[in-house]
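# Notes for the structure review
Residues per chain, in single letters:
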Amino acid sequence: QVQLVESGGGLVQAGGSLRLSCAASGRTFSNSIMGWFRQARGKEREFVATISWSSSTYYAASVKGRFTVSRDNAKNTVYLQMNSLKPEDTAVYYCATDPRGSLSYPGSYSYWGQGTQVTVAS
């Protein structure tokens, strides 16, 4: 059974930074594609970033240049460094793995963490 546990969320002022972590267990992490998604209140879950087993990355246009996804296979952990945060980045952030299909479509992913709240104050 795959388990994903996110951490690192919190309250930050606009322009600030946060680093989210997602610790994975239950499978060979180093071979896994990992994705980050977010869901604001009243909105659909949306793609943020993805990282392949070889650390190739892909970002949503809304976060490109501000967010950086990385992984540490020795620690079975994927990170999302978020800089220059904006109030519109406020959402619950989720990590996911084991996609079957489009990497930017939430429905492609089989396993999800519980999410971590990020709130950006203006």
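As the structure is a computational prediction, the values presented were derived from the model and not from experiment. (Residues numbered from 1 in each chain as written. Predicted model: local features only at pLDDT ≥ 70, side-chain atom pairs only at ≥ 80, totals over all residues. Heavy atoms only, no water.)

Time to look at the pairing of strand β3 (residues 18–25). Here strand β1 (residues 3–7) pairs with β3 via five bridges, running antiparallel. Looking at the pairing, Leu 4 lines up with Ala 24 of β3. Bridging between β3 and strand β8 (residues 77–82) involves six bridges; their strand directions are antiparallel. Across the sheet, the residue bridging to Leu 18 is Met 82, located in β8. (Pairing = 2+ DSSP bridges. Helix = DSSP H or I, 4+ residues; strand = E, 2+ residues; numbered from the N terminus.)

Assignment of secondary structure puts Tyr 109 in strand β10 (residues 109–112). Spatially, the C-alpha atoms of Tyr 109 and Gly 35 are 8.4 Å apart, while their sequence positions differ by 74 residues. Excluding its chain neighbours within four sequence positions, the residues that come into contact with Tyr 109 are Gly 35, Phe 37, Thr 50, Ala 96, Thr 97, Asp 98, Pro 99, Ser 102 and Leu 103. In this structure the side chain of Tyr 109 is engaged in a polar contact, spanning 2.7 Å, whose partner is the backbone oxygen of Leu 103. (Contact = heavy atoms within 4.5 Å. Polar contact = N/O pair within 3.5 Å; in protein donor to acceptor, adjacent residues only side chain to side chain.)

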